[in-house]
Amino acid sequence: MEKVVSGIRPTGNLHLGNYFGAVTSFVKMQEQFDCMFFIADWHSLTTHPKPGDITKSVDTILAEYLACGIDPSKATIYVQSDVPQVLELYLYLNMNAYLGELERVTTFKEKARQQPDNVNAGLLTYPTLMASDILIHRALKVPVGKDQEQNMEMARKCARRFNNIYGVEFFPEPQSFHFTAQAVKIPGLDGSGKMGKSQDNCVYLKDDEKTIRKKVMKAVTDCGPSQPNSPKPEVIQNLFDIMAVVSTPDTVEHFDTAWNDCSIRYGDMKKQLAEDINAFCAPIREKITEYSSNTELLHRVAREGAEKARISAQATLDEVRQIIGFHK
Ligand code: TYM
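Residues numbered from 1 in each chain as written. Predicted model: local features only at pLDDT ≥ 70, side-chain atom pairs only at ≥ 80, totals over all residues. Heavy atoms only, no water.

J.: Is there a simple way to explain the overall build of the chain in this structure?
T.: Within the chain, the regular secondary structure consists of 14 helices and 5 strands. The C-alpha radius of gyration of the chain comes to 21 Å, within 12% of the 20 Å expected for a compact globule of 328 residues. Residues counted as buried form 50% of the 328 residues belonging to the chain. By sequence separation, contacts in the chain at least 24 residues apart represent 78% of the contacts at least 6 residues apart. Of the side chains in the chain, 38 bear a positive and 42 a negative charge, and the two mean positions are spaced by 3 Å. (Helix = DSSP H or I, 4+ residues; strand = E, 2+ residues; numbered from the N terminus. Rg over C-alpha atoms; globule rule 2.2 N^0.38 Å. Buried < 20%, exposed > 50% of the residue type's maximum accessible area, 1.4 Å probe, protein only. Contact = heavy atoms within 4.5 Å. Lys, Arg positive; Asp, Glu negative; His and termini not counted. Charge placed at Lys NZ, Arg CZ, Asp CG, Glu CD.)

J.: Looking at this model, I keep getting lost on helix α12 (residues 249-260). Mind explaining?
T.: An α-helix turns once every 3.6 residues. As a result, residues three or four positions apart point the same way. A rise of 1.5 Å per residue sets the reference length of α12, with its 12 residues, at 16 Å; its end C-alpha atoms lie 16 Å apart and thus fit the reference within 8%. For α12, the complete set of buried residues consists of T251, V252, F255, A258 and W259. The arc enclosing the buried residues of α12, seen along the axis, measures out at 125°, which places them on a common side. Turned more than 90 degrees from where α12 packs its buried face, P249, D250 and E253 sit exposed. Contact partners of the buried residues in α12: α11 (234-246) and α13 (266-292). (Expected span 1.5 Å × (residues − 1). Arc of directions from axis to C-beta.)

J.: Looking at this structure, I do not really get the pattern of salt bridges. What am I missing?
T.: Side-chain pairs of opposite charge can arise where the charged atoms are in close proximity. For the structure on display, the rule yields 15 salt bridges. Residues joined in a network through salt bridges with shared partners are E153, R156, R160 and E173. (Salt bridge = Lys/Arg side-chain N within 4 Å of Asp/Glu carboxyl O.)

J.: Please explain the site of the ligand as it appears in this structure.
T.: By nearness alone, 26 residues border the ligand, and R9, Y126, D133, D147 and I186 come closest of all. Interatomic distance of 3.0 Å between a side-chain N/O atom of Q148 and a nitrogen atom of the ligand. Between the ligand and I186 there is a distance of 2.8 Å, counted from a nitrogen atom to a backbone nitrogen or oxygen. Bound to the protein, the ligand loses 98% of the 710 Å² it would expose on its own. When contributions to the shell around the ligand are tallied by element, the ones reaching two or more residues are β1 (3-8), α1 (16-29) and α8 (126-135). Its residues placed into classes, the shell around the ligand shows 12 nonpolar, 9 polar and 5 charged. (Near = heavy atom within 4 Å. Polar contact = N/O pair within 3.5 Å; in protein donor to acceptor, adjacent residues only side chain to side chain. Areas by Shrake-Rupley, 256 points an atom, 1.4 Å probe, with all protein chains shown as cover. Nonpolar A, V, L, I, M, F, W, Y, C, P; charged D, E, K, R; others polar.)

J.: When you look at unusual backbone geometry in this model, what are you seeing that I'm missing?
T.: Excluding glycine, residues mostly carry a negative phi; peptide bonds, for their part, are mostly trans. In this structure, R138 is a non-glycine residue whose phi angle is positive, near 50°. Residue position: R138 is located in the loop between α8 and β4 (141-143). A relative accessible area of 31% means that R138 is categorised as partly exposed. One non-glycine residue, C262, lies in positive phi territory at about 65°. With respect to the helices, strands and loops of the structure, C262 is situated in the loop between α12 and α13. In this structure C262 comes out as partly exposed when scored by relative accessible area, which is 31%.

J.: Explanation requested: the packing of α11 against α13 in the structure shown.
T.: Two quantities define a packed helix pair, namely the angle between the helix axes and the distance between the axes. Taken N-terminus to C-terminus, the directions of α11 and α13 make an angle of 35°; their axes are 10 Å apart at the nearest point. When you trace α11 past α13, the crossing you get is left-handed. Mapping the contact onto sequence places I236, L239, F240, I242, M243 and V246 in α11 and Y266, M269, K270, Q272, L273, D276, I277 and F280 in α13. Of the residues that constitute the contact of α11 with α13, the class distribution is 11 nonpolar, 1 polar and 2 charged. (Axes fitted to C-alpha atoms, helices over the stretch in contact; angles between N-to-C directions. Left-handed = near helix turned anticlockwise from the far one by under 90°.)

Just distances and angles here, no functional claims.
Next up, the structure:
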């Protein structure tokens, strides 16, 4: 069966961007593929979190994975740091990755701007660690949002380069995967760019009704359409984009028509959007609370997942060592 791998950094709660960009695909893919879904705790070290925060955030994501419907009897769920084989492959991939190409990665440049006092080597080699996460299971498909495209290109480059250097056809080139026609980008509520934890523009799956309403009602808008059928400015398109994933097509059409004939009232649209986000999140929220209180279950899932992930990873690593020329 085709292997699928994907992960999420444990830097807080899952937001709508994580859900619609990645997790919704995880849930569908577990029915058809051999899936490995992990929590990228090593990746989160690039921003120097406190030890207690890592443990807490890992448990949070485990609970949220289960609450969203990832089923440990169908998919392997594990924590990255429980699979040390990933680090050995990371080392080998780093030997064939070059400073120039790593410095050109947009997310590296962004992070270097955001944390100028902490431009560490882990930040620079973030894409090779991500490539290792994927290649360690020789995965073909990687469900990720649009923001990961450049990292995925680097993962393919790492696979190709390894194969070329050693004259083998060992690593397949992993492809981004999404069920929609295009990769998903969920915008933030602040009118700019994507929804993301560091931007403080997120609706989290665990947000309660009041919080959702407060955040949505504060979302950036403009002064309204000046003439019929005009193109929507980005801040308004963003609201429509979020609506497209949580509301019914009829609702979207209703507000689209109102935009086009200039009768739209943003207050009404936001009220509806908040209601639809809440209706979407409510059942997940309940399950998050339920799973969060069952740390015994969470740790059992992670333990069993790690065992399976280590077996898969070691099989790849044994072959890699042989290809490179090390004794077994
Ligand atoms: P992370 O933790 O930033 O995000 C996890 C997943 O959520 C998606 N995502 C979004 N999708 C659409 N719209 C948004 N606004 C949005 N925000 C986040 C991301 O695309 C991602 O799929 N580097 C990865 C974690 C990682 C990984 C891997 C992923 C480490 N190793 C190996 C796949 C395979 C990251 O930082 O994702």
